[in-house]
Amino acid sequence: MVHSRNYKLGSEFPAEFFVQQAVEAHFLSKGFSVDTSTHIDLLCRHSETGELWQIEAKGKTSQPGLDFRTCLGQLLQRMNGDGINYSVAVPRLPQYLAQISQTSSWAAERLNISWVLVDPDGHVSIERSGARHVQR
């Protein structure tokens, strides 16, 4: 997939470009179409089921706490309805796992926010409030 966005920190794990590419590949392999042409990092829609995922992606930076909270803010500002799977995609790193554990599970459940974790090999897992989501 061709991206018009500029990724200054490269394309290797744990850079944002790597995270976004892994998440795109994951959803494409599950039969979703992926749109990266909006302000939302990834908008994934399944043509048969109508399932919709709105995902903000972040890679490792020098300030993971600040960037994680910025990512949550971007997600929150762009929420526009029920029935959408809202997600934050990050590399599986201790810094981001700590940020996820500090996020209110009460709020995440009510806002239907899940965590998309990307491993160094590109494997993607989806978790909700500490428990894995059905889709892998």
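Every chain is numbered on its own, with residues counted from 1 as its sequence reads. Note on the predicted model: pLDDT of at least 70 is required for a residue's local features to be given, and 80 or more for side-chain atom pairs to be given and counted; whole-chain, interface and lining totals, by contrast, use all residues. To obtain the side-chain values, all non-hydrogen atoms of the structure were included, while hydrogens and water were left out.

### Focus: the side chain of Asn85
Moving on, step 1. Counting from the N terminus, the helices are the DSSP runs of H or I reaching at least four residues and the strands are the DSSP runs of E reaching at least two. By the secondary structure assignment, Asn85 is in strand E4 (residues 84-91).
Moving on, step 2. Exposure is judged per residue with a 1.4 Å probe applied to protein chains only, and the accessible area is read against the type maximum: over 50% gives exposed, under 20% gives buried, and values in between give partly exposed. Exposure remark for Asn85: the relative accessible area of 11% places this residue in the buried category.
Moving on, step 3. The contact criterion used throughout is that any non-hydrogen atoms of two residues lie within 4.5 Å. For Asn85, the residues in contact, after removing those within four places along its chain, are Glu51, Leu52, Trp53, Gln54, Asn112 and Arg128.

### Considering the packing of aromatic side chains
Moving on, step 1. Ring pairs shown here join Phe, Tyr and Trp side chains whose ring centres sit within 6.5 Å, with only the six-membered ring taken for Trp; geometry is labelled stacked below 30 degrees between planes, edge-to-face above 60, and tilted in between. Under the criterion given, the structure shown has five aromatic pairs.
Moving on, step 2. With a centroid separation of 5.1 Å and an interplanar angle of 85 degrees, the aromatic rings of Phe27 and Phe32 are classed as edge-to-face.
Moving on, step 3. The buried category is assigned to Phe32, whose relative accessible area is 5%.
Moving on, step 4. Counting every residue linked through ring pairs, the aromatic cluster contains Phe27, Phe32 and Trp53.

### Some remarks on the pattern of salt bridges
Moving on, step 1. A carboxyl oxygen of Asp or Glu within 4 Å of a side-chain nitrogen of Lys or Arg is what we treat as a salt bridge. Summed over the entire model, instances satisfying the criterion amount to three salt bridges.
Moving on, step 2. Asp119 is paired through a salt bridge with Arg92; the nearest N and O atoms lie 2.6 Å apart. Here Asp119, found in the loop between strand E5 (113-118) and strand E6 (124-128), pairs with Arg92, found in the loop between E4 and helix H3 (94-101); they are 27 residues apart in sequence, far enough to count as distant.
Moving on, step 3. On the basis of relative accessible area, Asp119 is assigned to the buried category, the value being 16%.
Moving on, step 4. On the accessibility criterion, Arg92 (26% relative accessible area) is partly exposed.
Moving on, step 5. Residues joined in a network through salt bridges with shared partners are Arg92, Asp119 and Glu127.

### Concerning H3
Moving on, step 1. Residues Tyr96, Gln99 and Ile100 constitute the buried set of H3. The buried side chains of H3 occupy one side of the element, clustering within an arc of 100 degrees when seen end-on. Facing away from the buried side of H3 by over 90 degrees, the exposed positions are Pro94 and Ser101.
Moving on, step 2. Residues of H3 that are buried make contact with helix H2 (64-77), E4 and E5. Working definition: the arc comes from the directions between the helix axis and the C-beta atoms, pointing outward to the latter.

### Observations concerning the environment of Gly81
Moving on, step 1. Along the chain, Gly81 falls in the loop between H2 and E4.
Moving on, step 2. The sequence separation of Gly81 and Leu111 amounts to 30 residues, and the corresponding C-alpha distance is 9.8 Å.

### Section: unusual backbone geometry
A negative phi angle is the norm for most residues apart from glycine, just as the trans form is the norm for most peptide bonds.
Moving on, step 1. Between Phe13 and the following residue, Pro14, the backbone shows a cis peptide bond with an omega angle of 10 degrees.
Moving on, step 2. Even without being a glycine, Asn112 presents a positive backbone phi close to 60 degrees.
Moving on, step 3. Within the fold, Asn112 resides in the loop between helix H4 (105-110) and E5.
Moving on, step 4. The class of Asn112 is partly exposed, set by a relative accessible area of 27%.

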